[in-house]
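Spelled out from the first residue to the last, the chains are:
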Amino acid sequence: MIHIHQASKYYNNANPALVDVSFKINKGDFVFITGPSGAGKTTLLRLMFCAERPSSGEIILNGVNISRIKPSAIPALRRSIGVVFQDFKLLASRTVFENVAFALEITGTGSKTIKKKVWQTLKWVGLLQKKDALPPCLSGGEQQRVAIARSIVNNPLLLLADEPTGNLDPQLALDIMKLFKAINARGTTIVVATHNRGMAEQFADKIISLSRSHSIEPR
Amino acid sequence: MNPASAIARLRYCIASSLQNLRRNLTLSLITTSTIAVMFTICTSMLLVLLNLSAFMQTWADQLQIIVYFEMQASAKDMQRFEKEIEARPEVEQVRHVSPEEAMRLLKGALEGQDGILYGLPDNPLPASLEIRLHKPYLTNDAVEAFVAGITRTPPVADIEYGQRWLERFIAFFELARLTCLLLGVFLIIFTYCIIANTIRLMVYSRRDEIEIMKLVGAGSLMVKFPFWLEGALQGACGAALALLIVLGVEKLAMNNLATLLNFYLGSGSYVFLDWPMAAAITAAGALLGLAGSFFAVNHLDAHYS
């Protein structure tokens, strides 16, 4: 599914964010990338959804070398990847339903299909009764569920999550991880970046540890 | 991309544009009003130029050369001269005006004030010849060439064709055109900047949405198109509003000015915007708005990864 080969990322040609990182992730894996703050976890995820390009090395996603992908091909690639962030990145002025529908609207999906898919997804993440609420009226855990619903409504092959439980209390964090596990059980490959090693050991099929941008220790 | 998907995306872009204009209603109204003011000035200048040009054309069409004969010129000499003039290819029509007819015309022109002529012992007006040229020769150069071909020897006393007046008017028209052109260019640049800055503000107010759009796989066109549409809509609405303002002012003013304009410009020579011209002005507004927004969002790909 994903093959990262000697990927490095330097900012301003000096500060290394990642150095010679290599690993493989198979289809259907539930993988955790762990490491302290500044280890390069976020950078690694950003390379995986083409928000940035590696300074050197290669990233192969489903047989496509995305480190050399044309800018015009990035949107299509991103439609097959779901991304979840610590700060949720929801539109405060839109309802829960509209936030989730947003991911389908921009792909040109018909309104009937949007309604059906969003309905199903919200039901699946347990937020159907809150579909008309605005994000600021929801708890942190609920907001993260909306963000997760938005990221999976397109049925992506890969779901990337950057510190998805960083703003949540342990119980809510556990609920979110259980939700990820359920998504993974449906066949979606999941990569979660977190500094919480304990949580990684509880849920992961595979753990990739980053330290000072360098070392990789697949479990 | 299948047609249904393309239509769904277009519908989304239109809805997104309208929604954004509604959300930033005050800013949108200020921008549209500013564009309307700019286009009102531009359209008014265009109207002035069109009417000056129409007036010049009307005047040129009615241009005639008047040859005044000497008081003591014999009828035989005048007839000979008239035949020479009639034989020239530029001439469309020649009319002999006797001193008696000239006096009658003068009295008619001085209607109510013709008492000032009573003290005259004799008719002091000379006989004259009114010469009208064919249309292709109604240019300043052609008229001058024609007049140069008339020898100012007896029985001819003087030739009048309003040359100085025509030259002054052409110079004034050229100056007016240049002034309007410079002012027009300035106003277009100003309007362009207003639109571009408004769209930049709208981009800024929607930066979170743009970031998420990019994140969930929206293409460059999908992100930019709603902004292009907003610019074009604001430009078109501003231009259309300007047309309504000009039309309203014209309706109000023409009630009082119609007689005056017809007197000075000649009946029927007053020109107002026709439908194709109004459509062209609205389209120009839309294009200007499109250009402003196009360059305002050009940087989006670089800023939002």
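Residues numbered from 1 in each chain as written. Chains lettered and ligands numbered in written order. Predicted model: local features only at pLDDT ≥ 70, side-chain atom pairs only at ≥ 80, totals over all residues. Heavy atoms only, no water.

**Some thoughts on the packing of helix α5 (residues 140–152) of chain A against helix α6 (residues 170–185) of chain A**
Residues and elements named next belong to chain A. Contact geometry for α5 and α6: axes closest at 10 Å, N-to-C directions at 15°. Between α5 and α6, the angle falls in the class roughly parallel. Judged by the twist between their axes, the crossing of α5 over α6 is right-handed. Here Gly-141, Gln-144, Arg-145, Ile-148 and Ile-152 of α5 lie close against α6, whose contacting residues are Leu-172, Asp-175, Ile-176, Leu-179, Phe-180 and Ile-183. Looking at the contact of α5 with α6 residue by residue, the classes come out as 7 nonpolar, 2 polar and 2 charged. (Axes fitted to C-alpha atoms, helices over the stretch in contact; angles between N-to-C directions. Helix = DSSP H or I, 4+ residues; strand = E, 2+ residues; numbered from the N terminus. Parallel < 35°, antiparallel > 145°, perpendicular 65-115°, else oblique. Left-handed = near helix turned anticlockwise from the far one by under 90°. Contact = heavy atoms within 4.5 Å. Nonpolar A, V, L, I, M, F, W, Y, C, P; charged D, E, K, R; others polar.)

**Points about the pattern of salt bridges**
All names here are of chain A. Scanning the model with the defined rule gives 18 salt bridges over all chains in all. One salt bridge connects Lys-131 with Asp-132, and the closest N-O pair in it is separated by 3.1 Å. Here Asp-205 makes a salt bridge to Lys-181, at a shortest N to O gap of 4.0 Å. Here Asp-205 is found in the loop between α7 (197–203) and β9 (206–211), whereas its partner Lys-181 is found in helix α6, with 24 residues between them in sequence. (Salt bridge = Lys/Arg side-chain N within 4 Å of Asp/Glu carboxyl O.)

**Brief notes about the packing of aromatic side chains**
All names here are of chain B. If you walk through the whole model with that rule in mind, you get 9 aromatic pairs over all chains. Summarising the aromatic geometry, the rings of Phe-69 and Phe-81 are spaced 5.7 Å apart at their centres and angled 90° between planes, so their arrangement reads as edge-to-face. Residue Phe-69 is found in strand β1 (residues 64–69), and its partner Phe-81 is found in helix α3 (residues 75–86); the two are separated by 12 residues along the sequence. The pair Phe-69 / Phe-81 is uniform in exposure class, with both members buried. (Phe/Tyr/Trp six-rings, centres within 6.5 Å; stacked < 30°, edge-to-face > 60°. Buried < 20%, exposed > 50% of the residue type's maximum accessible area, 1.4 Å probe, protein only.)

**Considerations on the nonpolar core**
In this structure, A:Phe32, A:Val118 and A:Phe180 are the most contacted members of the largest nonpolar core, which totals 73 residues. For this core, the element with the most residues is helix α8 (residues 220–265) of chain B, which contributes 8 residues. Not counting residues up to four positions away in its chain, the partners in contact with A:Val118 are A:Phe97, A:Val100, A:Ala101, A:Leu104 and A:Val153. Ranked by size, the runner-up nonpolar core spans 34 residues in total, among them A:Leu47, A:Phe49, A:Ile59 and A:Ile74. (Core = buried A, V, L, I, M, F, W, Y, C linked by side-chain atoms within 4.5 Å.)

**A short note on the interface of chain B and chain A**
Frequently, the measure chosen for interface size is the accessible area removed from exposure when the parts meet. Listed per partner, the contact involves 20 residues of chain B and 22 residues of chain A. Counting each side, the surface lost to burial between chain B and chain A is near 1,800 Å², with a carbon and sulfur contribution of 57%. Linking chain B with chain A are 2 salt bridges, by the criterion used here. Seen at the junction of chain B and chain A, the total is 5 residue pairs in polar contact (both at pLDDT 80 or more). For the side of chain B that touches chain A, the secondary structure elements donating two or more residues are α1 (3–23) and α7 (207–215) of chain B. Residue classes in the side of chain B that touches chain A are distributed as 9 nonpolar, 5 polar and 6 charged. (Buried area = accessible area lost by both parts, 1.4 Å probe. Polar contact = N/O pair within 3.5 Å; in protein donor to acceptor, adjacent residues only side chain to side chain.)

**As for the sheet that holds strand β4 (residues 56–61) of chain A**
Residues and elements named next belong to chain A. The 4 strands lie next to each other as β2-β1-β4-β5, forming an open sheet whose pairing is antiparallel. Across the chains shown, the open sheet's two edge strands, defined by having one partner strand only, are β2 (15–25) and β5 (64–65). Pairing geometry for strand β1 (residues 2–11) and β2, over 7 bridges, is antiparallel. The partner of Tyr-10 across the bridge, within β2, is Pro-16. (Pairing = 2+ DSSP bridges.)

**Topic: the domain arrangement of chain B**
Looking at the assigned domains, one finds that chain B contains domain 1 (3–59 + 167–303) and domain 2 (64–161). Each of domain 1 of chain B and domain 2 of chain B has a C-alpha centre, and these two points are 52 Å apart. (Domains from an automatic or database assignment.)

**Here's the deal with the environment of B:Glu130**
Residue and element names in this part refer to chain B. Among the secondary structure elements, Glu-130 is positioned in strand β3 (residues 128–133). Glu-130 sits 162 residues away from Gly-292 along the chain, and the two C-alpha atoms are 57 Å apart. Those residues in contact with Glu-130 that lie beyond four places of it in its chain are Gln-64, Ile-65, Ile-66, Gln-93, Val-94, Arg-95 and Val-97.

**Digging into the pairing of strand β6 (residues 81–85) of chain A**
All names here are of chain A. With 5 of its 5 residues buried, β6 lies for the most part within the structure. Residues Ile-81, Val-83 and Phe-85 point to one face of β6 and Gly-82 and Val-84 to the other, with burial holding for every one of them. Here β6 pairs with strand β7 (residues 158–162) via 5 bridges, running parallel. Its bridge partner lying in β7, Ile-81 is registered against Leu-158.

**Here we look at the confidence of the model for chain B**
Residue and element names in this part refer to chain B. Scored by pLDDT, chain B comes out at a mean of 84, with 93% of its residues at no less than 70. Taken element by element, chain B is modelled with least confidence in helix α10 (residues 300–303), mean pLDDT 72, and with most confidence in helix α9 (residues 275–296), mean pLDDT 92. Interface scoring of the predicted complex returns ipTM 0.86; its pTM is 0.74. (pLDDT = per-residue confidence, 0-100.)

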